[in-house]
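Results of the structural survey
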Amino acid sequence: MASSSEIGLAAALNILTAFAFLVAFAILRIQPFNDRVYFPKWYLKGLRSNPLQSGAFVQKFVNLDFRSYMRFLNWMPAALHMPEPELIDHAGLDSVVYLRIYLTGLKIFVPIACLAFTVMVPVNWTNRTLEQSKLTYTEIDKLSISNIPTGSNRFFTHIVMAYAFTFWTCYVLKREYEIIASMRLHFIASEQRRPDQFTVLVRNVPPDPDESVNELVEHFFLVNHPDHYLSHQVVYNANSLSNMVNEKKKKQNWLDYYQLKYNRNNQSKRPSMKTGFLGLYGKSVDAIDYYKDEIEKLMKEICKEREKITKSSKYVMPAAFVSFKTRWGAAVCAQTEQSRNPTIWLTEWAPEPRDVYWDNLAIPFVSLTIRRLIIAVAFFFLTFFFVIPIAFVQSLANIDGIVKAAPFLQSFLEVKFVKSFIQGVLPGIALKIFLILLPSILMMMSKFEGFTSISALERRSATRYYIFQFINVFLGSIITGTAFQQLNNFIHQSANTIPMTIGASIPMKATFFITYIMVDGWAGVAGEILRLKPLIFYHLKNFFLVKTEKDREEAMNPGSLSFNTGEPQIQLYFLLGLVYAAVTPILLPFIVVFFALAYAVYRHQIINVYNQQYESAGAFWPDVHGRIITALIVSQLLLMGLLSTKEAAQSTPLLIALPVLTIWFHRFCKGRFEPAFIRYPLQEAMMKDTLERAREPCLDVKDYLQNAYVHPVFNNEDRWDGSDDGGVVSEDDEWPKEPALVPTKRQSRMNTPSQSKRSESSRTLLSVTDERSCP
């Protein structure tokens, strides 16, 4: 358990660390040779020029304007200066809605912190309960509810404050939900034309002995959506081809590296390499010739694999992207049931093309339920077994436990600085280290489940991350930490008094969470703006690999907002703040500092650095709202349990109303605002279609959607054509955009024409001609 001096040491170390990161960032960001690392978004938009191309030789690399070093914090007002509408145009609505999570935290916790310190801290402090008890405590714990005597009337203060905190939180959540729902509808109505507005993903197409999937999809939508159906693209299982293309890109990178190395040596000596594992052993060969031969072999294999996929029906999945002439037609199809059998012809809005996770489109729909059951079981065991490292982290916070396990360390641990570091800093760092690999594991689980868009993968991964943190980081830390701290009391007291000991000890775990907030929230956020890893990798790539402007753009690696890791971390702070607001208010200032610093840092990153992979128009906000409501209900239930251990029996009936009212409020918001996030109003779709027809009467939607949902490996530029010119097909020799007419084999049953007038819009790769096939 950390004392006030140990918390002070931890605060000093983390403040110094955060300040050092910010100063390093302020110096590095104004150096010309780092310009692409700290302002990549402006380069991608073509609105910033390279400072290395002008000025004196030294000024190309080092900023000699010493006045700029004195204004090292001017990035903060610059980040806050851009108005929200301009930020939406610049970075998209997803980024702005993500920032509003931090803003919501400030709106909730700043008034709560002021009220708690004005009312609750004096009520908790002016007691002697902990001094007269046998519990292990610190001066900070005197500010908590644990210092209130059993059965005291002062508990009514905490009950009134719980109501005040709940009503204020609900008010802020309702206002934010209302604002963001309005922003979403306005964004959708005003945004430019996108392929996903006209396209629906159809899955579980039923097998038919008379027709292929391609023919079946066309005939089904010609019959059931005759006035609005435009075209479709069947889904291929091209995962093996995708792996080959990725392997070819890796070898191409190595070839570029060795060619650049050869040119830098003035072509005096050709580079060599060994063909064994990691180039450590094997036959020594000419590196350039070796990779040229490898790439040529791969190009032939890629061409053969592509031809096999496009000509064999076994690679065609029972799914397709179906496009419509209007947004209204797509909205009707995506939001209605297509068949009397609810398990076939399943439709949903197609993700935007850059949001599609192509690998999972090849997973048969019938296997998704089994996959999700497997992952649910795996996630349960992952969560359960992670309690072990959590218990280890909590043992670090208890010096007595370490001394009992290793008596020879007693003299070392009694050094004041060492003791303060172990109890005030080390637990937060250790917990952060244990959680490093978790997001990658959870993302792998989400991919195995079969979600077809990156946004859906991130939202599912974020949900699991939040559950994991709630069970292990929050509940696990409280339970195991309480057991370690009060181990002596548990052993020497009767069983019926153990719940009372737990009730008094839970508020004391605020000191551990304070250290975690400072390590993860303060120093961690400051480290985010420094971008140390992208900085190092950019300069390594720039020195060894970059030879064209396109290579330099790829080396910048601006990254994007990681919703699957960032949002659950924010939700942990909401949970801690709401739980401890009425229990140990001393934690609230640390929460407020985190939200304020994170809001400024991530606003800067969104403006200057991050380049979002996709745009969902803030579709994740219902998840954010639901998790804050969950944290609010958990805080109410824990307060009820805590007061019951304090023999404040009269408080339980007064608090029961709180979770009931909160659940009712959540249902109200869900019914009032959530439809805007899961359904597209037909009125809005018709209005946008009408305006578009008036503004662009000659718009060819078919041409606009023609290649939007073709698998990237079929749009690959480097296609082997069997010639000796490097394996690149000329622009005139493209893959066909229009298929041959597909004859109907089930005209009598479907009442379709003998030859569809619109079959030319059914884009498929099956019409690859023999002239373009591999030798």
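Residues numbered from 1 in each chain as written. Predicted model: local features only at pLDDT ≥ 70, side-chain atom pairs only at ≥ 80, totals over all residues. Heavy atoms only, no water.

**Brief notes about helix 10 (residues 239-264)**
Taking 1.5 Å per residue, 26 residues should reach 38 Å; helix 10 reaches 38 Å between its end C-alpha atoms and fits that length. Looking at helix 10, one finds that the buried residues are Leu241, Ser242, Val245, Lys248, Lys251, Leu255, Asp256, Tyr257, Tyr258, Leu260 and Tyr262. Buried positions along helix 10 lie against strand 3 (272-274), helix 11 (287-311), helix 13 (358-361) and helix 25 (532-544). (Helix = DSSP H or I, 4+ residues; strand = E, 2+ residues; numbered from the N terminus. Expected span 1.5 Å × (residues − 1). Buried < 20%, exposed > 50% of the residue type's maximum accessible area, 1.4 Å probe, protein only. Contact = heavy atoms within 4.5 Å.)

**Some remarks on the side chain of threonine 584**
Inspection of the secondary structure puts threonine 584 in the loop between helix 27 (563-581) and helix 28 (588-608). If we skip the residues at most four places from it in the chain, threonine 584 touches Ser144, Pro507 and Ala510.

**Some remarks on the packing of helix 12 (residues 327-334) against helix 32 (residues 682-695)**
The geometry of helix 12 relative to helix 32 is characterised by a closest axis approach of 8 Å and an angle of 155° between their N-to-C directions. Our classification of the angle between helix 12 and helix 32 gives roughly antiparallel. Where helix 12 approaches helix 32, its residues Arg327, Trp328, Ala331 and Val332 are matched on the opposing element by Leu682, Ala685, Met686, Lys688, Asp689 and Glu692. Across the contact of helix 12 with helix 32, the residue classes break down as six nonpolar, no polar and four charged. (Axes fitted to C-alpha atoms, helices over the stretch in contact; angles between N-to-C directions. Parallel < 35°, antiparallel > 145°, perpendicular 65-115°, else oblique. Nonpolar A, V, L, I, M, F, W, Y, C, P; charged D, E, K, R; others polar.)

**What about the pattern of salt bridges?**
On inspection of all chains with the given rule, the structure shows 22 salt bridges. In this structure, glutamate 294 engages lysine 251 in a salt bridge whose closest nitrogen and oxygen atoms are separated by 3.8 Å. Of this pair, glutamate 294 sits in helix 11 while lysine 251 sits in helix 10, and the two are 43 residues apart along the sequence. Relative accessible area serves as the criterion here: at 15%, lysine 251 is assigned to the buried category. Of the charged contacts in the structure, one is a salt bridge between lysine 308 and glutamate 305, with a shortest N-O distance of 3.3 Å. One end of the pair is lysine 308 and the other is glutamate 305, both in helix 11 and three residues apart, which spans about a single turn. Of the residues examined, lysine 308 reaches a relative accessible area of 41% and is grouped as partly exposed. Here glutamate 305 falls in the buried class, since its relative accessible area comes to 9%. Within this structure, Arg193, Arg327, Asp689, Glu692 and Glu696 form a network of salt bridges that share partners. (Salt bridge = Lys/Arg side-chain N within 4 Å of Asp/Glu carboxyl O.)

**A few points about the environment of glutamate 176**
For glutamate 176, the position within the fold is in helix 8 (residues 155-190). Using a relative accessible area of 1% as the deciding quantity, one classes glutamate 176 as buried. Apart from the residues lying within four places of it in its own chain, the contact partners of glutamate 176 are Arg100, Thr104, Lys107 and Trp621. Here the side chain of glutamate 176 touches arginine 100 through a polar contact of 2.8 Å, side chain to side chain. (Polar contact = N/O pair within 3.5 Å; in protein donor to acceptor, adjacent residues only side chain to side chain.)

**Description of the pairing of strand 1 (residues 199-203)**
Taking burial as the measure, the five residues of strand 1 include five buried ones, the bulk of the element. The alternating pattern of strand 1 places Thr199, Leu201 and Arg203 and Val200 and Val202 on opposite faces, both of which are buried. Where strand 1 meets strand 5 (residues 316-324), five bridges bridge the pair, whose relative direction is antiparallel. For threonine 199, the partnering residue across the bridge sits in strand 5 and is serine 323. Pairing between strand 1 and strand 6 (residues 346-349): four bridges, direction antiparallel. Bridging across to strand 6, leucine 201 finds its partner in glutamate 348. (Pairing = 2+ DSSP bridges.)

**Here we look at the confidence of the model for the chain**
Scored by pLDDT, the chain comes out at a mean of 81, with 78% of its residues at no less than 70. Confidence, read as mean pLDDT per element, is least for strand 7 (residues 762-763) in the chain (40) and greatest for helix 12 (95). Note that residues 717-743 has pLDDT below 50 and, in this model, 54 contacts with residues that lie over four places away or in other chains. Ignoring residues within four places in sequence, the model shows residues 746-775, a span with pLDDT below 50, making 80 contacts including any to other chains. (pLDDT = per-residue confidence, 0-100.)

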